[in-house]
Amino acid sequence: MKLVSGTTGQEITPRSTLHMQSGPDAGRAWRFEHIVERPDGNHHVHVTCSNGKLGRIHRQYHPGVFGCEITIDVTWRQDICNAVRHTWAKVDDYLLAGAFALVPLAFFEHYHWAETITSALGFGGH
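We now turn to the structure provided with this report. (Residues numbered from 1 in each chain as written. Predicted model: local features only at pLDDT ≥ 70, side-chain atom pairs only at ≥ 80, totals over all residues. Heavy atoms only, no water.)

**Notes on the sheet that holds strand β2 (residues 11-12)**
Move 1: With antiparallel pairing, the three strands of this open sheet are ordered in space as β2-β1-β7. Lying at the two open borders of the sheet, with one neighbouring strand each, are β2 and β7 (68-71).
Move 2: In this structure, strand β1 (residues 2-5) lies alongside β7, joined through four bridges in antiparallel fashion. Pairing of Val4 across the sheet is with Glu69, part of β7. (Pairing = 2+ DSSP bridges. Helix = DSSP H or I, 4+ residues; strand = E, 2+ residues; numbered from the N terminus.)

**Observations regarding the pairing of strand β6 (residues 55-61)**
Move 1: Judged from the seven bridges that link them, strand β5 (residues 43-51) and β6 form a sheet pairing that is antiparallel. For Cys49, the partnering residue across the bridge sits in β6 and is Ile57.
Move 2: Between β5 and β6, which follow one another and run antiparallel, lie three residues.

**Some details on the pattern of salt bridges**
Move 1: Evaluated as defined, the whole model comprises two salt bridges.
Move 2: Here Glu33 makes a salt bridge to Arg15, at a shortest N to O gap of 3.4 Å. Pair noted here: Glu33 is in strand β4 (residues 29-37) and Arg15 is in the loop between β2 and β3 (17-19), with a separation of 18 residues, a long-range link.
Move 3: Exposure remark for Glu33: the relative accessible area of 18% places this residue in the buried category.
Move 4: Notably, a salt bridge pairs Glu33 with Arg31, separated by 3.8 Å at the nearest N-O pair.
Move 5: Classification of Arg31 by relative accessible area gives partly exposed; the value is 25%.
Move 6: Through salt bridges with shared partners, a single network forms among Arg15, Arg31 and Glu33. (Salt bridge = Lys/Arg side-chain N within 4 Å of Asp/Glu carboxyl O. Buried < 20%, exposed > 50% of the residue type's maximum accessible area, 1.4 Å probe, protein only.)

Nothing here speaks to function; it is geometry throughout.
Next up, the structure:
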């Protein structure tokens, strides 16, 4: 999740200063700390402000109050593609290893059945 400015379209990093654009405290400067996901599924911005008597004040506001919006990155597609690529690489490795494992078995079977086939056809020199 990223906090993006509605006017410039640039990402706002934590510890940046945001100015409230609407509400009773319009124009007041706040320090952006992080994005909070609320139980109802909405996202709010956790901000702090310095106050002489109380120290730092912590509040959570909707990003629209600061003229910002929250964008959510969709990375699950990358995760699925990486998992499929990894799985295919493993399957490919095991198929190749299986093919190499069958070569000695093929020589053994060829030698083992060669005597039976030649005696059945009457090519035996005994």
